[in-house]
Amino acid sequence: MKRTGGLFEIVTSYDQLLKSYRKARSGTRKTDAVCAYGFHLENNLLELRRELLDGEYHPRPYRYFELKDPKRRTIAVADFKDRVVHHAVVGALEPVFERLFIHDSYATRKGKGAHSAVFQAQRYLRRSPYFLKTDIEKYFDSIDHGILLNLIERKIKDKRLVELISRILANGGRSGVGLPIGNLTSQFFANVYLNGFDQWIKETKREPYYIRYMDDFVIFSNEKTHLKSLLVDMKAWLDTNLNLRLKPGATFMNISDNGLSFLGTRIFPALIRIHPENARRASQKLLKTNIAWKNGDITDESYFQSLNSYDSYFSVYGTREIKKIIFENL
């Protein structure tokens with residue numbers, strides 16, 4: 001298998017770090033720490049580059065907070081300097097691994113996303129009378145660092161880059177297992193981790209109608225017995241190769257005409273609707289945003305960006321009546 005080199009030089013180049021700083025800044029609030037880093041930008045990036053080249057870079061501890069949307073999750077927030085490094089690393093690795101990813105892997109990839117996954121699921125639903133839906137039990141908490149690094153080293157031969165990735169993985173006192181939710185690197189590595197499973201499904205098992213969005217995946221088939229047999233093989237493969245388990249309560253088969261709940265929607269062969277629980281949460285968030293704007297806590301620009309975002313969310317699946325009621329309540 002051909003491996004790619006020269007990526008550590010890309011990660012540590014001043015141009016890459018500057019580009020990564022701009023990406024990290026665009027995806028965060030303008031806090032004092034972000035502004036301070038940008039005020040001395042050139043010196044900070046040069047110092048960061050020196051630390052990376054000399055092997056002296058060490059990530060700082062995460063800041064954690066709890067989020068319930070809808071289930072409770074612990075979100076890890078990296079120091080801004082570390083987020084610059086995350087963007088630099090992913091920016092260098094992405095072109096290499098993007099060539100390996102299958103077409104129907106949709107999470108955190110350019111030109112993909114949840115909407116594309118939902119519409120593709122509907123197309124597959126129309127072609128197949130049965131589907132199998134499942135996801136991974138505590139996926140991010142179960143990712144084995146040793147297995148992940150081995151998968152990365154199969155394609156990357158830069159020892160210094162692998163060492164840098166090892167330091168990022170070990171940050172937060174983790175003992176060789178688990179990725180923090182909320183990091184750009186975690187999302188990217190989570191796709192890398194399941195890529196072998198994707199390839200096995202598509203090439204070895206030759207399943208034509210398969211969709212994965214992070215650790216949620218659906219397989220469509222003309223035969224229910226085939227899906228039952230495939231489920232047994234999937235459990236064995238994930239256990240043997242990745243030390244992962246399927247979530248029993250989220251694993252089930254059904255008839256396509258009964259509809260598929262996937263990524264916050266209810267998908268039927270002839271229509272797609274936002275899941276009622278997701279519509280309720282979106283409505284509550286929008287009302288909170290409206291109150292924050294009226295109180296002067298957010299700018300007009302931020303408020304109308306939110307309105308446009310929610311308008312697109314409710315419009316894409318044809319839920320005009322729900323959107324009308326929610327927006328009139330503002």
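**Student:** Tell me what's going on with the nonpolar core, and back it up with residues and numbers.
**Tutor:** In terms of nonpolar packing, the biggest core is built from 66 residues, with L93, Y139, L161, L164, F197 and L238 touching the most fellow members. By residue number, the principal contributor to this core is helix α5 (residues 80-98), which donates 10 residues. What L238 contacts, discounting residues up to four positions off in sequence, is I136, L194, F197, F217, N243, L244 and L246. Counting 14 residues, the second-largest nonpolar core is a separate cluster that includes F131, V218, F220 and I272.

**Student:** So what's going on with helix α8 (residues 145-153)? Which residues, and what values?
**Tutor:** Buried residues of α8: H145, L148, L149, L151 and I152, and no others. When α8 is viewed along its axis, its buried side chains cluster within an angular range of 160° and face the same direction. Turning to α8, the residues buried within the fold contact α5, α9 (159-170), α10 (184-204) and α11 (224-242). Where α8 starts, the residue carrying a side-chain oxygen 2.8 Å from the main-chain nitrogen of G146 turns out to be D144.

**Student:** Describe the side chain of D158, naming the residues involved and giving the relevant values.
**Tutor:** Its location among the elements puts D158 in the loop between α8 and α9. Buried charge D158 goes without a salt bridge, the closest partner of opposite sign being R160 at 7.0 Å. Engagement of the side chain of D158 in a polar contact is seen with the backbone nitrogen of G6, the distance being 3.1 Å. Leave out the neighbours within four places in its chain, and D158 touches T4, G5, G6, L7 and F8.

**Student:** Describe the environment of S13, listing the residues and the values that go with them.
**Tutor:** Summarising the element assignment, S13 is placed in the loop between α1 (7-11) and α2 (14-26). Classification of S13 as partly exposed rests on a relative accessible area of 24%. Taking the C-alpha atoms as reference points, S13 and L46, 33 residues apart in sequence, are found 9.6 Å from one another. Of the polar contacts made by the side chain of S13, one reaches the backbone oxygen of I10; its length is 3.0 Å.

**Student:** Break down the sheet that holds strand β7 (residues 260-262) for me, with residues and values.
**Tutor:** Taken together, three strands build an open sheet; the order of strands is β7-β8-β9 and the sheet is antiparallel. Both edges of this open sheet fall to β7 and β9 (272-274), since each of them pairs with a single strand only. The average undirected angle you get between the axes of adjacent strands in this sheet is 25°.

**Student:** Can you break down the environment of L52 residue by residue, with the values?
**Tutor:** Examined against the element boundaries, L52 turns out to sit in helix α4 (residues 41-54). Judged by relative accessible area, which is 6%, L52 ranks as buried. On a C-alpha basis, the gap between L52 and A24 in space is 18 Å, while along the polypeptide they are 28 residues apart. For L52, the residues in contact, after removing those within four places along its chain, are F8, T12, L17, Y57 and L164.

**Student:** Before we move on, could you go through the sheet that holds strand β6 (residues 252-255) and cite the residues and values that matter?
**Tutor:** Two strands in a sheet stick together by hydrogen bonds in their backbones, pointing the same way (parallel) or opposite ways (antiparallel). Spatially, the four strands line up as an open sheet ordered β4-β5-β3-β6, and their pairing is antiparallel. In this open sheet, the two strands that pair with only one neighbour each are β4 (210-213) and β6. Averaged over all adjacent pairs, the angle separating strand axes in this sheet is 20°, with direction ignored. Bridge count for strand β3 (residues 130-135) against β6 is four bridges, and the pairing is antiparallel. Each bridged residue has a counterpart across the sheet, and for K133 the counterpart in β6 is F252.

**Student:** Pulling in residues and values, what's your account of the pattern of salt bridges?
**Tutor:** Within the structure shown, the criterion is met by 13 salt bridges. Here E56 and R50 are joined by a salt bridge, their closest N and O atoms 3.0 Å apart. Across the pair E51 and K81 runs a salt bridge, and its minimum N-O distance is 2.8 Å. With a gap of 30 residues between them, E51 in helix α4 and K81 in helix α5 connect regions that are remote in the sequence. Each member of the salt-bridge network shares a partner with another, and the members are E47, R50, D54 and E56.

**Student:** A description of helix α12 (residues 276-294) should follow, citing residues and the corresponding values.
**Tutor:** Counted at 1.5 Å a residue, the expected span for α12 with its 19 residues is 27 Å, and the 27 Å between its end C-alpha atoms agrees. Taken together, the buried positions of α12 are occupied by A279, R281, A282, S283, L286, T289, N290 and A292. The first or second residue beyond α12 is G296, which carries a positive phi of 80°.

**Student:** Talk me through the packing of aromatic side chains; I want residue IDs and the actual numbers.
**Tutor:** By the definition in use, this model includes 19 aromatic pairs. Consider the rings of F197 and W237, whose centres lie 5.7 Å apart with planes at 55°: the pair is tilted. Note that F197 is positioned in helix α10 and W237 in helix α11, a separation of 40 residues in sequence. The burial state of F197 is the same as that of W237; both residues are buried. An aromatic cluster of three or more residues is present, and its members are Y124, F131, Y209, F220 and F252.

Conventions we followed
Residues numbered from 1 in each chain as written. Predicted model: local features only at pLDDT ≥ 70, side-chain atom pairs only at ≥ 80, totals over all residues. Heavy atoms only, no water. Core = buried A, V, L, I, M, F, W, Y, C linked by side-chain atoms within 4.5 Å. Buried < 20%, exposed > 50% of the residue type's maximum accessible area, 1.4 Å probe, protein only. Helix = DSSP H or I, 4+ residues; strand = E, 2+ residues; numbered from the N terminus. Contact = heavy atoms within 4.5 Å. Arc of directions from axis to C-beta. Polar contact = N/O pair within 3.5 Å; in protein donor to acceptor, adjacent residues only side chain to side chain. Lys, Arg positive; Asp, Glu negative; His and termini not counted. Salt bridge = Lys/Arg side-chain N within 4 Å of Asp/Glu carboxyl O. Pairing = 2+ DSSP bridges. Axes fitted to C-alpha atoms, helices over the stretch in contact; angles between N-to-C directions. Expected span 1.5 Å × (residues − 1). Phe/Tyr/Trp six-rings, centres within 6.5 Å; stacked < 30°, edge-to-face > 60°.

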